[in-house]
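Examination of the molecular architecture
Spelled out from the first residue to the last, the chains are:
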Amino acid sequence: MFKRVVITGIGVVTPVGNNLENFWENLTSGISGVGPITRFDTTGYSSTIAAEVKDFKPADYIDRKEARRMDRFTQYAVAASRMAIENAGLDLAAIDRVRAGVILGSGVGGIETLEEQHKVLMDRGPGRVSPIFIPMMIANMASGQVGINFGLRGCNVTTTSACASSANALGDAFKIIQRGQADLMISGGTEAPLTPLAVAGFCSMKALSTRNDDPAGASRPFDKGRDGFVIAEGSVILILEEMEHALNRGAQILAEITGYGASCDAYHITAPDPEGKGAAQSMRAALADAGLAPEKVDYINAHGTSTDLGDKLETMAIKEVFGEHARKLAVSSTKSMTGHLLGAAGGLETAVCVLAIKNSLIPPTINLNEPDPECDLDYVPNTARKTDLAVTLTNSFGFGGHNATLVIERYVAERDS
Amino acid sequence: MADVFERVKDIIVEQLGVEPEDVKPEASFVDDLGADSLDIVELVMALEETFDLQIPDEDAEKIHKVGEAVQYVLDHQ
């Protein structure tokens, strides 16, 4: 007998806000979080813009000594987890923490620490490399530190599937609770890739927008003028909880997670399958897992990164899965405002689905002024839309051909299936 | 002496996240200041950098208290 899994809390550290209120206000007002990169000197870079987290003070969330031992990606995750726990009204002392775990996604882990310590090695030799280099850098340490900071002793792992990492994390966390192996999971993603080496690598791939003179207009999914994604950072964490567990403690239930699908293009290291087959398969699998006909879906938060091929092929895949209904449902890409948080994107966009359901409000795709003829769905251009939503879906696709889709539904006490 | 103590104290406060008034000569890094094995390695490295020293492992293993660290620096500078 499968358990039902509900979402009871969200925490955010993002380019559009470091608390839930600002995050939602900005996303539904069409405010971009993109600006010139301030973290390092961008001389010589083809892309000099990013969506940076602003005004983040680790000491607001983490003990000073502990914060020193964390790479930025871990600091974001611990901070967002603390906010999510608070948002869920969760008294950790009152739950069985052996049955509470953590699954976070991260595409690259502590690359800032890696770069700094590599410089130490080159400049001052092996004897000066920090003893906390390895534990700061390894990609699983955000999950590990969330477990340590909150004393959660259940399953604790990290998923790494590039830009699908946190969608896979949430899918795995959902399944663990659904199978009855945990009461509660902290899940989502975290990423801090705004470093000289990482940005240079993405620049060399020609993956990033070079609309440097118009940062707020640079991420323009589905628009004809799109020219690549805008790199971003942050962490969004959700509290997933077995329904009865949430009801028994009188928790707010924000939404229910009902389906998870995953697939692989098995095609190319970075380019998407030219027919969008992997993406379509992922969406179909998620709908089948939720026991839903495609016609039930009201809204898709698209992967929509603002790349030429990606947006076109996702559109093609949506049409393939939804047929006529593809014209009736709403699709939007909040990456138009947040930029692309890579391994943390799926967490952020799952939170968007939850908040869209809860507030009956769809955040827009901004900068959509001249639609690409090959991108011809209803992308909720430029202005948020007030409408009731029962079923939403979020897509995440990553280098390596990873595809993951989650189904988030309005919570109702009685469900048929 | 006082100068070396102050500089050592600054390093300890920064790295261990402790209050300056707790950093006394008789304070043990592990028992009083909450250091773990990684902290000790980091502290020894910081002492080496700050005072331009080489501290061999066998010497580092004998440094347990703040005052011992200060004395080591004074003896080897």
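Residues numbered from 1 in each chain as written. Chains lettered and ligands numbered in written order. Predicted model: local features only at pLDDT ≥ 70, side-chain atom pairs only at ≥ 80, totals over all residues. Heavy atoms only, no water.

Notes on the UniProt feature "domain: Carrier" (unreviewed entry) in chain B
Residues given the UniProt feature "domain: Carrier" (unreviewed entry) here are residues 2-77 of chain B. With 59% helix and 0% strand, the stretch residues 2-77 of chain B has end C-alpha atoms that lie 14 Å from each other. (UniProt positions renumbered as here; feature names shortened; annotations may be inferred. Helix = DSSP H or I, 4+ residues; strand = E, 2+ residues; numbered from the N terminus.)

Re the UniProt feature "domain: Ketosynthase family 3 (KS3)" (unreviewed entry) in chain A
Mapped onto the present numbering, the UniProt feature "domain: Ketosynthase family 3 (KS3)" (unreviewed entry) falls on residues 2-410 of chain A. End C-alpha atoms of residues 2-410 of chain A are separated by 18 Å, and the span's content is 33% helix alongside 19% strand.

Remarks on the UniProt feature "modified residue: O-(pantetheine 4'-phosphoryl)serine" (unreviewed entry) in chain B
Per the UniProt record, the feature "modified residue: O-(pantetheine 4'-phosphoryl)serine" (unreviewed entry) sits at B:Ser37. With respect to the helices and strands, the residue B:Ser37 is situated in helix α2 (residues 37-51).

Description of the pairing of strand β14 (residues 402-409) of chain A
All names here are of chain A. In terms of burial, β14 is largely enclosed, as 7 of its 8 residues are buried. Judged from the 8 bridges that link them, strand β13 (residues 391-398) and β14 form a sheet pairing that is antiparallel. The residue bridging Phe 397 from the neighbouring strand is Asn 403, located in β14. Connecting β13 to the next strand, β14, in antiparallel fashion are 3 residues, including Gly 400 with a positive phi near 105°. (Buried < 20%, exposed > 50% of the residue type's maximum accessible area, 1.4 Å probe, protein only. Pairing = 2+ DSSP bridges.)

Quick word on the domain arrangement of chain A
All names here are of chain A. Here chain A is partitioned into domain 1 (5-248) and domain 2 (260-409). Taking only C-alpha atoms, the centre of domain 1 and the centre of domain 2 are 21 Å apart. Counting residues at the interface gives 61 residues for domain 1 and 60 residues for domain 2. Here domain 1 packs against domain 2, burying approximately 4,500 Å² in sum over the two surfaces, 68% of which is carbon and sulfur. Among the residues domain 1 hides against domain 2, the three largest losses belong to Trp 24, Cys 163 and Phe 222. Together they make up 20% of the total. Applying the counting criterion to the domain 1 and domain 2 interface returns 5 salt bridges. Note that Glu 370 and Lys 224 form a salt bridge whose closest N and O atoms lie 3.8 Å from each other. Summed over the shared surface of domain 1 and domain 2, the result is 24 residue pairs in polar contact (both at pLDDT 80 or more). Contributions of two or more residues to the side of domain 1 that touches domain 2 are made by β1 (5-13), α1 (20-29), α7 (165-178), β6 (184-191) and β7 (234-242). (Domains from an automatic or database assignment. Contact = heavy atoms within 4.5 Å. Buried area = accessible area lost by both parts, 1.4 Å probe. Salt bridge = Lys/Arg side-chain N within 4 Å of Asp/Glu carboxyl O. Polar contact = N/O pair within 3.5 Å; in protein donor to acceptor, adjacent residues only side chain to side chain.)

Observations regarding the nonpolar core
Residues and elements named next belong to chain A. Of all hydrophobic cores here, the largest spans 54 residues; its most connected members are Ile 10, Phe 23, Leu 240 and Ile 408. Looking at this core, the elements with two or more residues in it are β1, α1, α7, β7, β8 (255-264), α13 (345-359), β11 (361-362) and β14. The element that contributes the greatest number of residues to this core is α13, accounting for 8 residues. Inspection of this core shows a minimum of three residues originating in each of domain 1 (5-248) and domain 2 (260-409). With near-sequence residues (within four places) excluded, Phe 23 lies in contact with Val 12, Thr 14, Val 16, Gly 17, Leu 348, Val 352 and Leu 355. Tyr 61, Leu 90, Leu 152 and Ile 237 belong to the second-largest nonpolar core, a separate cluster that totals 32 residues. (Core = buried A, V, L, I, M, F, W, Y, C linked by side-chain atoms within 4.5 Å.)

With respect to the environment of A:Ala390
Residues and elements named next belong to chain A. Along the polypeptide, Ala 390 turns up in the loop between β12 (385-386) and β13. By relative accessible area, which is 37% here, Ala 390 ends up partly exposed. Taking the C-alpha atoms as reference, Ala 390 lies 8.1 Å from Lys 296; in sequence the two are 94 residues apart. Contact partners of Ala 390, with chain neighbours within four places excluded, come to Asp 298, Ile 357, Ile 408, Glu 409 and Arg 410.

Some points on the interface of chain A and chain B
Facing the 12 residues of chain A at the interface are 18 residues of chain B. Roughly 1,200 Å² of surface becomes buried between chain A and chain B when both sides are summed, with 40% attributable to carbon and sulfur atoms. Between the two partners, chain A and chain B, sit 8 salt bridges. B:Glu49 is the salt-bridge partner of A:Arg124, the closest N and O atoms lying 2.3 Å from each other. At the surface where chain A touches chain B, the tally comes to 9 residue pairs in polar contact (both at pLDDT 80 or more). Sort the elements by how many residues they give to the side of chain A that touches chain B and helix α2 (residues 64-68) of chain A lands first, with 3 residues.

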